[in-house]
Amino acid sequence: NAGVTQTPKFRVLKTGQSMTLLCAQDMNHEYMYWYRQDPGMGLRLIHYSVGEGTTAKGEVPDGYNVSRLKKQNFLLGLESAAPSQTSVYFCASSLSGAAQYFGPGTRLTVT
Amino acid sequence: DQQVKQNSPSLSVQEGRISILNCDYTNSMFDYFLWYKKYPAEGPTFLISISSIKDKNEDGRFTVFLNKSAKHLSLHIVPSQPGDSAVYFCAASAPTSGTYKYIFGTGTRLKVLA
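As a starting point, this report considers the structure included with it. (Residues numbered from 1 in each chain as written. Chains lettered and ligands numbered in written order. Predicted model: local features only at pLDDT ≥ 70, side-chain atom pairs only at ≥ 80, totals over all residues. Heavy atoms only, no water.)

1. Some details on the interface of chain A and chain B
Selection criterion: Every residue pair with non-hydrogen atoms within 4.5 Å of one another is taken to be in contact. A 1.4 Å probe defines the accessible area here, and the buried area is the portion of it lost by two parts on being joined, summed over both. Salt bridges are counted wherever a side-chain nitrogen of Lys or Arg sits within 4 Å of a carboxyl oxygen of Asp or Glu. Under this definition, polar contacts are N or O atom pairs within 3.5 Å; protein pairs additionally need one hydrogen-donor-capable and one acceptor-capable atom, and for neighbouring residues in sequence, both atoms have to be side-chain atoms. Helical segments are the DSSP runs of H or I of at least four residues, strand segments are the runs of E of at least two, and each set is numbered from the N terminus. By the convention adopted, Pro, Cys, Tyr, Trp, Phe, Met, Ile, Leu, Val and Ala count as nonpolar, Lys, Arg, Asp and Glu as charged, and the other residues, Gly among them, as polar.
Counting from both sides, the interface comprises 22 residues of chain A and, opposite them, 19 residues of chain B. Here chain A meets chain B over a buried area of about 1,500 Å², counting both sides, of which 63% is carbon and sulfur. Taken as a group, Leu43(A), Ala98(A) and Phe102(A) account for 27% of the area that chain A buries against chain B, more than any other trio of residues on that side. At the junction of chain A with chain B, the criterion picks out 0 salt bridges. For the pair chain A and chain B, the number of links is 2 residue pairs in polar contact (both at pLDDT 80 or more). Mapped onto the side of chain A that touches chain B, the elements with two or more residues apiece are β4 (31-37), β5 (43-49) and β10 (101-102) of chain A. By residue number, the principal contributor to the side of chain A that touches chain B is β4(A), which donates 4 residues. When its residues are assigned to classes, the side of chain A that touches chain B shows 14 nonpolar, 7 polar and 1 charged.

2. Quick look at the environment of Phe65(B)
Residues and elements named next belong to chain B. Mapped onto the elements of the fold, Phe-65 is located in strand β7 (residues 62-67). On a C-alpha basis, the gap between Phe-65 and Leu-110 in space is 18 Å, while along the polypeptide they are 45 residues apart. What Phe-65 contacts, discounting residues up to four positions off in sequence, is Asp-55, Lys-56, His-72, Leu-73, Ser-74 and His-76.

3. Side note on the packing of aromatic side chains
Quick reminder of the rule: Aromatic rings from Phe, Tyr and Trp, with only the six-membered ring used for Trp, were paired whenever their centres fell within 6.5 Å, and each pair was classed as stacked if the ring planes differed by under 30 degrees, edge-to-face if by over 60, and tilted otherwise.
Tallied over the entire structure, the rule returns 14 aromatic pairs over all chains. Of the aromatic side chains, those joined through ring pairs into one cluster are Tyr33(A), Tyr35(A), Phe90(A), Tyr101(A), Phe102(A), Tyr36(B), Phe46(B) and Phe104(B).

4. Side note on the state of the cysteines
Condition: For the purposes of this analysis, a disulfide is any pair of cysteine sulfur atoms at a distance within 2.5 Å.
Inspection of the entire model under this criterion finds 2 disulfides over all chains. Two residues, Cys23(A) and Cys91(A), share a disulfide whose sulfurs are 1.8 Å apart. The disulfide joining Cys23(A) to Cys91(A) has a torsion of about -75° about its S-S bond and is therefore left-handed. Here the residue Cys23(A) occupies a position in strand β3 (residues 19-25), and Cys91(A) occupies one in strand β9 (residues 87-94), the gap between them amounting to 68 residues. At a sulfur-sulfur separation of 1.9 Å, the disulfide partner of Cys23(B) is Cys90(B). Disulfide Cys23(B) to Cys90(B): torsion about the S-S bond roughly 70°, handedness right-handed. You can see Cys23(B) sitting in strand β3 (residues 19-25) and its partner Cys90(B) sitting in strand β9 (residues 86-93), a full 67 residues away along the chain.

5. Topic: the nonpolar core
All names here are of chain B. What counts, and what does not: Buried Ala, Val, Leu, Ile, Met, Phe, Trp, Tyr and Cys residues that are joined via side-chain atoms within 4.5 Å together make up what is termed a nonpolar core. Buried, partly exposed and exposed residues are distinguished by accessible area as a fraction of the type maximum, computed with a 1.4 Å probe on protein chains only: under 20%, between the cut-offs, and over 50%, respectively.
The biggest cluster of nonpolar side chains holds 24 residues, and the ones touching the most others in it are Phe-33, Trp-35, Leu-73, Leu-75 and Tyr-88. Of all the secondary structure elements, the ones that give two or more residues to this core are β3, β4 (32-38), β5 (45-51), β7, β8 (72-77), β9 and β11 (108-113). Sorting elements by how many residues they give to this core places β9 first, with 4 residues. Beyond its immediate chain neighbours, meaning those up to four positions away, Leu-75 contacts Ser-19, Ile-20, Leu-21, Trp-35, Leu-47, Ile-48, Phe-62, Thr-63 and Tyr-88.

Geometric descriptors of this kind do not, in isolation, establish any biological role.
Okay, here's the thing in structure tokens:
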């Protein structure tokens, strides 16, 4: 039982490049979330999903897209990376939506 | 405007003593609160939660207190251990359709001195 895993762990992008972050959970959770954490700030919700095939915007969705084609996977895409998207990205999942269980994070640097 | 505030960026406590971490919020609609612990290079780990219908919830060494009139919650760790050294985040959610959407505080770094 791996819990929540994130791929990759680190990535450096040039401005304008695109990439996809993968989140996978093996706990059969319905709810999944993407957050970003920046220095001196709390985690901020980017997008979330309440079930397979559904997605919704969170607090800071601009510049990101997501997809939940399979229940266990939640993908976060950056179509045209900007330096302001340099951050640590965390994925989380939840059975009921209350307590959320986080992955180890992806550290992304955009130059 | 920060709706969830952790005004102490850091806290040092002697091993065996009580650690008290504080969190204030401004949105009176928040009705569910969580505390997370985070070690460097790891994701946050869920610690304890409390619903607004309660004023206290206890789990082992961890107790969360909620004072709705003051819009304040606190996490007590007794006794504190060196392994508790981490950054602690509080998070709050208001009732929404679909799921809980949490607003996180900026965190308090706890250092437990042996």
